[in-house]
Amino acid sequence: MTRINVKVDGAMCSDDVEPRTLLVHYLREQLGKTGTVIGCDTSNCGACTVHLDGRSVKSCNVLAVQADGHEVTTIEGLATNGELHPVQKAFHECHALQCGFCTPGMIMQSVDLLNENSDPSEEEIRTGLEGNLCRCTGYHNIVKAVQQAADGAGSAAVASTSGGAS
Amino acid sequence: MIPAQFDYVAPSTVEEAVNALVEAGEDAKVLAGGQSLLPVLRMRLNVPSVVVDLCRIESLRGVRDDGDALVIGAMTTHSDVFHDPLVREHATLLTKAVEQLADPQVRHRGTFGGALAHADPAGDLGAPALALGASFVIAGSGGTRTVEADDFFEDLFTTAVQDGEILTEVRIPKYTGWGAHYEKFVRVAHQWPIVAVAAAVRVDGGTIAEARVGLTNMGSTPLRARAVESALVGQSATDEAVRGAAASAAEGTNPPSDLNGDADFRRHLATVLTRRAVLAAAGA
Ligand SMILES: Cc1cc2nc3c(=O)[nH]c(=O)nc-3n(C[C@H](O)[C@H](O)[C@H](O)COP(=O)(O)OP(=O)(O)OC[C@H]3O[C@@H](n4cnc5c(N)ncnc54)[C@H](O)[C@@H]3O)c2cc1C
Ligand code: FES
Ligand code: FES
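Predicted model, so just to flag it, every value in this text is computed and none were measured. (Residues numbered from 1 in each chain as written. Chains lettered and ligands numbered in written order. Predicted model: local features only at pLDDT ≥ 70, side-chain atom pairs only at ≥ 80, totals over all residues. Heavy atoms only, no water.)

1. Overview of the nonpolar core
Within the largest apolar cluster, 44 residues are counted, with the highest numbers of intra-cluster contacts made by L23, Y26 and V72 of chain A. Contributing elements (two or more residues each) for this core: strand 1 (2-8), strand 2 (11-17), helix 1 (23-30) and strand 3 (49-52) of chain A together with helix 1 (14-24), strand 2 (28-31), helix 2 (37-42) and strand 3 (50-53) of chain B. Here the element with the most residues in this core is helix 1 of chain B; it accounts for 5 residues. What Y26 of chain A contacts, discounting residues up to four positions off in sequence, is I4, V6, C13, D15, V17, T21, L31 and A64 of chain A. Formed by 41 residues, the second largest nonpolar core is a distinct cluster that contains L70, V98, F152 and Y175 of chain B. (Core = buried A, V, L, I, M, F, W, Y, C linked by side-chain atoms within 4.5 Å. Buried < 20%, exposed > 50% of the residue type's maximum accessible area, 1.4 Å probe, protein only. Helix = DSSP H or I, 4+ residues; strand = E, 2+ residues; numbered from the N terminus. Contact = heavy atoms within 4.5 Å.)

2. Here's the deal with the packing of aromatic side chains
All chains considered together, the criterion is met by 5 aromatic pairs over all chains. Through pairs of rings, three or more aromatic residues link up here, namely F136, F152 and F153 of chain B. (Phe/Tyr/Trp six-rings, centres within 6.5 Å; stacked < 30°, edge-to-face > 60°.)

3. A word on the sheet that holds strand 10 (residues 166-173) of chain B
Residues and elements named next belong to chain B. The sheet built from 5 strands is open, its strands ordered 4-5-10-6-7 with antiparallel pairing. Edge positions in the sheet fall to strand 4 (63-66) and strand 7 (143-148), since each of these pairs with one other strand and no more. For this sheet, the mean angle separating the axes of adjacent strands, direction not counted, is 25°. Note that strand 6 (residues 135-140) and strand 10 share 5 bridges and pair antiparallel. Residue pairing for strand 10: A139 is matched across the bridge by I166. Relative to the sheet, helix 1 contacts strand 6 and strand 10, its axis offset from that of strand 10 by approximately 130°. (Pairing = 2+ DSSP bridges. Axes fitted to C-alpha atoms, helices over the stretch in contact; angles between N-to-C directions.)

4. A closer look at the packing of helix 2 (residues 86-93) of chain A against helix 5 (residues 140-151) of chain A
Residue and element names in this part refer to chain A. Two elements in contact, helix 2 and helix 5, have axes separated by 8 Å at closest approach and are oriented at 135°. In terms of orientation, helix 2 and helix 5 fall into the oblique class. In the packing of helix 2 onto helix 5, the handedness of the crossing is right-handed. Within the contact between the two elements, helix 2 uses P86, V87, A90, F91 and E93 and helix 5 uses I142, A145, V146, Q148 and A149. Looking at side-chain class alone, the contact of helix 2 with helix 5 contains 8 nonpolar, 1 polar and 1 charged residues. (Parallel < 35°, antiparallel > 145°, perpendicular 65-115°, else oblique. Left-handed = near helix turned anticlockwise from the far one by under 90°. Nonpolar A, V, L, I, M, F, W, Y, C, P; charged D, E, K, R; others polar.)

In structure tokens, the structure reads:
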């Protein structure tokens, strides 16, 4: 067992983990943060995306011990005082999900994308979400949601998009 | 899937890391960004007894200017290489290749040294590093040694880095003012290339004065397309001239056949992608 100290969604956590524990398993099983989900075995789907020191990572492809001394934000830490994050709100309003399984990862990656580029083009959104797979939506409304969040438009009309599925 | 059990150490100097590796013998594994190693451990394709994590060795991170070369620390992430102004100015080919490598999440963790040490024949950094004539600094218990690009890649997933050794940094000669392009052929998003071509050219008054071309996934290691390079020199940067030179891109290659395409298809791709890469690099 190795002792790790990690700040998760604002709270300091000090825990013993086996070195082989994946960050996603630590979050879900040891901390009970089941908002972050596991969608694949190959680190392809992006469903498990969280932020490590403010940058998006696939938490199934990071060891919990590698997060020692660092800060993790999960989908559960995005809202402030019960108020949804603008990207969460935009996903809700643009109907950017069907089954919702990809959504935690999609939202975390979208937040990262907008942190890096506050005014992305449709193409930049599609490439920025390249590492996140969705089996349901065809991506169209996800792109719209990111555009709406970028516009800071709240529930106002969503900018139209031209492309189809990515 | 979770990896089998292993002991974990995260030393803070290269010397301590080398000692930990030597002590553990051939069952030890170096961990960099983990973006290739962790999938391997999770599938239990490899079961190391000790994992030596390089993440606390600060001296292995970052890019520095060293006169006529850039020095890229092995632990510099793909994302940091992409954003680095020195790399963009003096080794644009790397900026272009790293931009297309994997996806943003993988680029935030995966490292320059890790990708090169992993030496996947479909990896996107080998051909650019080879084309640019990189040299690889390797630390072991006997001190450090430098291996030139032509000798670094030995076979599938095999480089000059031996058990008990660590790749510490990669020196890239400066190609200030050269044009560059990485042309990657994939079928679906965020995939490994079926074939890719790395091209850097120096154009002088419309004529190609110097050219360097590397091929990804056209054999068990990255390859230099030397026949193309020499055919390009002295040519004007036009579609017709470049098309002629690119026709020999598959010369001396030994591409794999798999579900994505057979060897003949890859040979064909190499000529087409070489033409595109060189024309884009030349700004034509
Ligand atoms: C979903 C996904 C998609 C990907 N797509 C691409 C792609 O399109 N193109 C591409 O090129 N790559 C791709 N990759 C792989 C990515 O480039 C990895 O970052 C890279 O191959 C390994 O770098 P790392 O730092 O993560 O190394 P690790 O995974 O930590 O290590 C890889 C191997 O190299 C050894 N090693 C690492 N660093 C050193 C060192 N300094 N000295 C000695 N040995 C060392 C390790 O022991 C291990 O054997 C993808 C990965 C994933 C998960
Ligand atoms: S569960 Fe992590 S990428 Fe699919
Ligand atoms: S909404 Fe079902 S996978 Fe995306």
